[in-house]
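# Report on the structure
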Amino acid sequence: MEIEKRVVELTDRLNYIKDIFGGRENANIALMQARLAEFSSREAAAAPGEKAQMVRQIEDLFAFLENKLDSELVPMDMVRIVRHPARVSLKDILENVYDNYTEIGGQDEYSIDPSMLIARAYITRRQGDRVVNQPVMVIGQEKGHGQEFRNGGSVKPWGNAKALQYMKVAETERIPIHTYVFTPGAFPVEDYPGAAQQIARNLYEMGGLRVPVVSVISEGGSGGAEAIGLSDVRMMLSRGYYSVISPEGAAAIESGIRQGQRVVPELIAECAKRLNITAADNLRMGYVDKVLEEPALGARPHHYDFFKTLRQEVIQATDQVFLGISGFKLFRALVASRRKSGDSESMFVRWTLDDAAADRLVWKRYCKYRRMAETAYRDGRPSGERIASRAKSVLWSGYSFIRYDFLRKHTKNLAKAAGDLEAELRLVAHKLMAPLRKTRDKNAPVVCDPAKSRMLTELSQPEQGACLEEFGWSYVSPKAAEDRAVTCPGAKTYGCPDLWAPDLYGDFAGVCVNCGHHFPMEYQWVMGNVFDPGSIVDYDADIEAGNPLDYPGFEEKLEAAKKKTGLKSGCVSIDAKIEGIKLVSTVLYSAFRGGSVGAAEGEKFIRALARARRRHYPFLAYVHGTAGIRIQESLNGLIQMPRVTLAVRRYIEAGGLYVVLYDTNSYAGPVASFLGCSPYQFAVRSSNIGFAGPGVIRETTGVDIPPDYHQAHNALARGHIQGIWDRREIRKNLKQVLLTIGGRNLYYR
Amino acid sequence: MSTKKHKVLVANRGEIAIRIIQACVSLGLDFVCVYTRADEASGHLALARSLGGPNAAYRVSSYHDANEILAVADHAGATAVHPGYGFFAEDFRFARRVAERERSLIFIGPSWRIIRSLGDKINTKRLARSLSIPTVPGSDRPVYDELEAEEIAETLFAFQAEQGISNSVVLVKASAGGGGMGIEEIYDIEQFKTVYRRIRNYAKRQFHDEGVLIEQRIFDFNHLEVQIVADRTGTGIVHFGTRNCTIQSTGRQKRVEIAPGFRPQEVDYAFDAEKLMEDIVGYSLAMAREVGYDNVGTWEWIVSPTGQPFLMEVNTRIQVENGVSAAISRVRGQGGVNIIAEQIRLGLGEPMGYDQSNITFDGVGIEYRIIAEDPANRFTPWVGRIDQFLAPTLPYASLHTHIPMDEPYEIPTEYDPNLALAIVWGKDLAEAKKRGVDYLDELTLSGADGTGTELKSNVRFLRDKTSTILQF
Amino acid sequence: MLLVIDVKALLENIKAAPYEEIVVAAPHTGTVTFAGIETGAHVTGITGAFGEKPGTLLAKLTRENNDKPLFANAKGVVGVVHRELEGRFVEAGTPLVVIRHYLSKDEVIANILQKVLYLFCAPERAKYYFIPSIDKKVKASGPRSVTVKPGLELFIVSRMKREKPLLYEGPEGIIYAVYFQHDQNVDQGAPLVGVCPADQTDLIQDVVNRVRTDWEEKE
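Here is a short report on the structure shown in this document. Every value quoted in this text rests on a predicted model; they were computed, and no experiment measured them.

Calculation notes
- Residues numbered from 1 in each chain as written.
- Chains lettered and ligands numbered in written order.
- Predicted model: local features only at pLDDT ≥ 70, side-chain atom pairs only at ≥ 80, totals over all residues.
- Heavy atoms only, no water.
- Helix = DSSP H or I, 4+ residues; strand = E, 2+ residues; numbered from the N terminus.
- Buried < 20%, exposed > 50% of the residue type's maximum accessible area, 1.4 Å probe, protein only.
- Contact = heavy atoms within 4.5 Å.
- Buried area = accessible area lost by both parts, 1.4 Å probe.
- Salt bridge = Lys/Arg side-chain N within 4 Å of Asp/Glu carboxyl O.
- Polar contact = N/O pair within 3.5 Å; in protein donor to acceptor, adjacent residues only side chain to side chain.
- Pairing = 2+ DSSP bridges.
- Arc of directions from axis to C-beta.
- Patch = residues over 30% accessible without salt bridge, like charges linked within 9 Å, V, L, I, M, F, W, Y side chains within 5 Å.
- Areas by Shrake-Rupley, 256 points an atom, 1.4 Å probe, with all protein chains shown as cover.
- Nonpolar A, V, L, I, M, F, W, Y, C, P; charged D, E, K, R; others polar.

This brings us to the overall build of chain C. Along its length, chain C carries 4 helices and 16 strands. The C-alpha extent of chain C, read off along each of the three principal axes, is 55 × 45 × 30 Å. Taken across its 219 residues, chain C has 41% of its residues classed as buried. When contacts within chain C are restricted to residue pairs at least 6 apart in sequence, those whose partners lie at least 24 apart make up 72%.

Across the boundary between the two partners, chain B contributes 31 residues, which contact 18 residues of chain C. The three residues of chain B that bury the most area against chain C are B:Arg59, B:Pro381 and B:Thr413, which together make up 28% of that side's buried surface. For the interface between chain B and chain C, the tally reads 5 salt bridges. Taking the shortest distance from any N to any O, the salt bridge between C:Glu64 and B:Arg97 comes out at 2.8 Å. Put simply, chain B and chain C have 9 residue pairs in polar contact (both at pLDDT 80 or more) between them. Listed by contribution, the elements that provide at least two residues to the side of chain B that touches chain C are strand 3 (57-59), helix 3 (66-76) and strand 19 (380-381) of chain B. No other element matches the 7 residues that helix 3 of chain B contributes to the side of chain B that touches chain C.

All names here are of chain B. Mapped onto the secondary structure, Lys 254 falls in strand 11 (residues 254-259). Given the relative accessible area of 10%, Lys 254 is considered buried. Along the primary structure Lys 254 and Val 320 are separated by 66 residues, whereas in three dimensions their C-alpha atoms are 9.6 Å apart. The contact partners of Lys 254, leaving out residues within four places of it in the chain, are His 223, Glu 225, Cys 245, Ile 247, Gln 248, Glu 300, Gln 319, Glu 321 and Arg 369. At 2.9 Å, the side chain of Lys 254 forms a polar contact with the side chain of Glu 225. Looking at Lys 254, its side chain comes within polar contact range of the side chain of Glu 321, at 2.9 Å.

Further remarks concern the sheet that holds strand 14 (residues 329-331) of chain B. With respect to topology, 3 strands assemble into an open sheet ordered 15-14-16 (chain B), the strand pairing being antiparallel. Every interior strand has two partners, whereas the edge strands, strand 15 (335-336) and strand 16 (359-361) of chain B, have only one.

A word on the environment of B:Arg197. Relative to the elements of secondary structure, B:Arg197 occurs in helix 8 (residues 192-207). Looking at B:Arg197, the relative accessible area reads 38%, which means it is partly exposed.

Strands belonging to one sheet form pairs held by backbone hydrogen bonds; the direction of such a pair is parallel or antiparallel. All names here are of chain C. Read from one edge of the open sheet, 4 strands run 9-16-14-11, paired in antiparallel fashion. The two strands at the open ends of the sheet, each matched to only one other strand, are strand 9 (118-121) and strand 11 (147-148). Where strand 14 (residues 173-178) meets strand 16 (residues 191-197), 5 bridges bridge the pair, whose relative direction is antiparallel. Its bridge partner being in strand 16, Ile 174 is matched across the sheet by Cys 196.

All names here are of chain A. Along helix 9 (residues 247-255), the positions that sit buried rather than exposed are Pro 247, Ala 250 and Ala 251. Buried residues of helix 9, seen end-on, are gathered within an arc of 100 degrees and therefore sit on one face of the element. In the core, the buried residues of helix 9 are packed alongside helix 4 (75-83) and helix 10 (265-274). Of the residues trailing helix 9, Gly 256 is marked for its positive phi of about 60 degrees.

Here we come to a nonpolar patch on the surface. A contiguous nonpolar surface patch, about 410 Å² in accessible area, is contributed by A:Phe401, A:Ile402, A:Phe406 and A:Leu407. Under the relative-accessibility criterion, A:Phe406 is labelled partly exposed at 47%.

Another point: the interface of chain B and chain A. Of the residues lining the interface, 36 residues belong to chain B; the matching set on chain A comes to 30 residues. In this assembly, chain B packs against chain A so that about 2,900 Å² is buried in total across both faces, 55% of it on carbon and sulfur atoms. Counting the surface chain B buries against chain A, the share from its top three residues, B:Arg93, B:Arg116 and B:Arg126, is 20%. In this assembly, chain B and chain A are joined by 5 salt bridges. Contributions of two or more residues to the side of chain B that touches chain A are made by helix 4 (92-100), helix 5 (112-119), helix 6 (121-130) and helix 7 (146-162) of chain B. Of all the elements, helix 7 of chain B adds the most residues to the side of chain B that touches chain A, at 8 residues. When the residues that make up the side of chain B that touches chain A are grouped by side-chain class, the tally is 12 nonpolar, 8 polar and 16 charged.

Let us look at the side chain of B:Glu373. All names here are of chain B. By the secondary structure assignment, Glu 373 is in strand 18 (residues 373-374). A distance of 3.2 Å separates a polar atom in the side chain of Glu 373 from a polar atom in the side chain of Asn 458. Residues within four places of Glu 373 in sequence aside, it is in contact with Arg 255, Phe 379, Thr 380, Pro 381, Trp 382, Lys 456, Ser 457 and Asn 458.

The omega torsion across A:Tyr192 and A:Pro193 is 5 degrees, close enough to zero to call that bond cis. Structurally, A:Pro193 is set in the loop between strand 6 (177-183) and helix 7 (195-207). Cis geometry marks the peptide bond from B:Ala259 to B:Pro260; its omega dihedral reads 0 degrees. Its location among the elements puts B:Pro260 in the loop between strand 11 and helix 9 (273-291). Residues other than glycine seldom take positive phi values, yet A:His145 does so here, at roughly 45 degrees. Checked against the element boundaries, A:His145 lands in the loop between strand 5 (130-141) and helix 6 (157-173).

Our focus in this paragraph is the pairing of strand 17 (residues 364-371) of chain B. Residue and element names in this part refer to chain B. Buried residues dominate strand 17, accounting for 8 of its 8 residues. By the alternation rule, side chains of strand 17 split into Val 364, Ile 366, Tyr 368 and Ile 370 and Gly 365, Glu 367, Arg 369 and Ile 371, which are all buried. Both strand 11 and strand 17 contribute to a ladder of 4 bridges, which runs antiparallel. Note on strand 17: the bridge partner recorded for Val 256 is Tyr 368. The sheet contact formed by strand 17 and strand 23 (residues 418-426) spans 8 bridges and is antiparallel. In the strand pairing of strand 23, Glu 367 is matched with Ile 423.

Rendered as structure tokens:
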């Protein structure tokens, strides 16, 4: 009986190995298979003792070969490991790592989203003779060993909302948070709260969480991972992967295949390699702090030693965070950083923090992310210039303080006193004059003041010339030079006439006069027609998009984009004015690699935000179009999601005004982070805003979506954006926004 | 004219299309027409085919689609486009496209920049004021400031009171509006604030522009206009007198037009009508010269009962009533004048060839617009089949119509139910009025619609109104 | 009013000519380039869950440097292709392709229903709209949610930019079919709605069922 069981186990192990090697030919696997087959053929004839001997031999062989095979794993195998139903899941961890736990808001499929699991748990530690239960909030995706209702750990927007809710609870209860990332990616539906918008909200809030967050990544699939992944210590399981996109997705883009076609497995494997998705890769690049070694060929629920290690590691990581921010560090911090893993429970660290510590925590978190990906872009400026610009920014901070904080307060007080005085005098004068006014004769002949009547019959403001209306726009699209007619997509529904290109792209600003459909225009249109003429000054133009992973073939594509646009990245940072109000703006434009965001674009965003903060200027992110994170940079791109969001948060908390304006098509990562986190998001009419395009949605959800699924008006109806603007009125609306909304620290207020 | 023989595309239908075709033929020019499925029975198509052969007309999907017009122009090898009135006549974009496309054509009308600047009423008013030409008292640009608006309204009431106007009314209207929307009257300055805010908010909602215009409302006025004709050089510029278009339908649509605008020889006016006509002609010419006007156009005026003129707007096109001016005008050495032919001739670049001293006026002309409509019921259009249409042939009268006289004709629902223009001439007002009434009495018009209801027309209305012609 | 409906005969009639010929004409002027379609080729109409996929490409009409595709709007077999017009400039309304469209079940039902329902017709050529309250109901829960009785204000007649109300005349019943389209002129005498008197709903349903079982759709 016992032997039978062991044989079944061996068969399972073999099948698992075959699974994760994806059908690849391998001599070791063949050997294991042969030995197992040999046993079953000889089993009947063998005596019980002999059988046990044979099984033990095979078991030894398996253990040996598994270790050997482990070293042969390629990145794609890691992907198969984490996706395998046998992989450890969050429930296993809760059972084995924590001493006690209560699941919150879920009982298998009865949950708002069974793929997001929340639990209050505690870890029991010893302080001297006392036993202390240290509570934590555990949040993570549950794949449930293939349970269908878990949706493979692909979390719906409301699942992420639940995660955020309990992070806030943890903050209120002042307990640390442990997050476990087990997701292939977020479920890309737009239903409220919306995949992208909710992830953005999570990132924004996590950026400011006043309790430590420790995260452990097993399967870090893009935006879904970021939704709970922003943390103070980021650890990764050694057989996990953490990537901007699934290898299949990357391969599909790479090969440019159409819907429904299949990509060859070799290309997928190749992409998995190119994307640098393994734990070792991410450690090398600096996107995780530590790699937790797993048993050979990946951790499965029976690897009890693994859970023990995991327990030590999360305790130690949490200790470290607390010690790092405590005002009273002493010796323990030193010890904590030096001690070997495994004896973390030998020393007690209290998991509590005061306000000052929480401030330090948040600041350290900001700094941690600010330092990431700093080598992933190219900085073309000579070093002297870099130093000078840093010095200049310090000067600006000082100037702004004196100008807007110090001086303004005093001028305001003076002005207020003068105003009060004037109002008093007026009232007195009014009272004194009252009897005089009453005596005026009502029947006196009416005489019109000749100076005033001239106003009725003569040209007013003659200095402006007779013709008031200006002609057209100051920037005119080159598309307006073509002599051709253009058909409006609304023609079928609204009967729009064909429009002449010079009218449409010139005077009409790319707007169909009949139905109001907005044709896409170049980003230069907004640059030229929204900001005050001559007010645009661009900077950071030397920050250049690079190819940090030496992704094959990408260098050429980048060169082509640079040549086509004459710019070095997909982001333009400018200072500009709108009716005299100075502002900082960054423009993400679609002509450069689809407006994708990589390390260079993220860096430019962060610098522009810092500039706006120092100068007390409002900030406008004009998203002419973005296809998402630049996949060829993998994590260097993906990390811009939390990284830039933290910078946005810092700017907003400093009292700024962060306005996002979407034009044409904006999707994926950027929308799900530093754009979507803005409380003031507007869209130009006919633009599309969303998380994933229709093709990806069909692939992941199996549902066909209506053609207008991502249209701005639907985004507005779902509560994702705050308004839709006509392109011709962007300037007017922006002026209105600058005057009516925003934080306390805008220079012109 | 240049050595190249021009071919004019007639981008219109009905009566005006017919007159353009006739003018082209009289000038020795080629022409090409367009028509729609609904207009297959129209006289303009029959005439085009009979004068120009089977290839002289193209079926298009719509008269409103510039792409259709230009595609046909290219295929037919047209060198110029005549827009007639309505449709593209005052569309500066069409004029610009015609002139600036790769295969450019001549737009028979003023150049597009002129159409654009005079097509805007506020611009027109400011232009007029810059030349000290009288305009309706009030603001000449959109007002955005409430205090400023109130001051203008207040002054307007005082201004009217000073002039002895007892029932002062001030109009507050959305500057981006039109067609009677976003316009209100106030009778007292106390009402102003409420009305102003209502209009401003309406304008903001409706047109995304808060600009408001404030103007005096003028009552009981006569509607006069001055016919200007200029060549492309901008130096050859003349007028063909004035017209009076005061008789209108309830919807402010002209129904009867008379040339000249006043007749002091036979009618008593409370002011010097002769001088007034001279004044408005002078003003109109001055403004036309100032802007470099380069084709036919009409300056529209309103004249208050006390004889004050105010410029209302400029129509940068040939007008329906051009024929009535022609009826009383003669050019020395040339005889009668056809203003449409002149428009084409000058539009193609020929110089004027004569000046104002060569133009003389004689007698009175009346034009009646005969329309299938019900004057008793807010001039509701009538649509159906016309069985019989007979008009007297007289030396002093002419009839312009696209309706075939020899067979029944179904009025298309797609277009206005204008049937014909009848122009009569008399040596003086009395004779013209008598001839007009007689002419209308002799006109036979009958038909029925699908339900058997008999044809409704405004002939009786026109006849009754004749007695009030040219009087205040 | 009692209708004796010989559905069978009606069906036989339709079976004798089980298709209609759809003439695809040039919607406007332009130069024609035919797509690679030949007589006998199968074409499809608009498809997709949201009607987002256009039918088979029939031709391209180029006007003012603008290529406009011309798609089949119904499923069927290509009858005639006016190849002689290839590369030529055509006037608006010129026939380009003829599609032989085999009637689907729904179309046959509509066809027969037109013969058995009470048809309320357009008194004059004009554009017709339901009055707003009924329009709302029709859009929300379909025409069959509307019960009409004589004297009910049902339509707005829009002609020459003027509008007037139109009262329903005929038997009381529910609106079973709507035959006019928004923003399109309806000829005088053409049906606007088909009304099913309340006591005949079963009969009508019977007709529908008969067609559903008897009619075979052809490709």
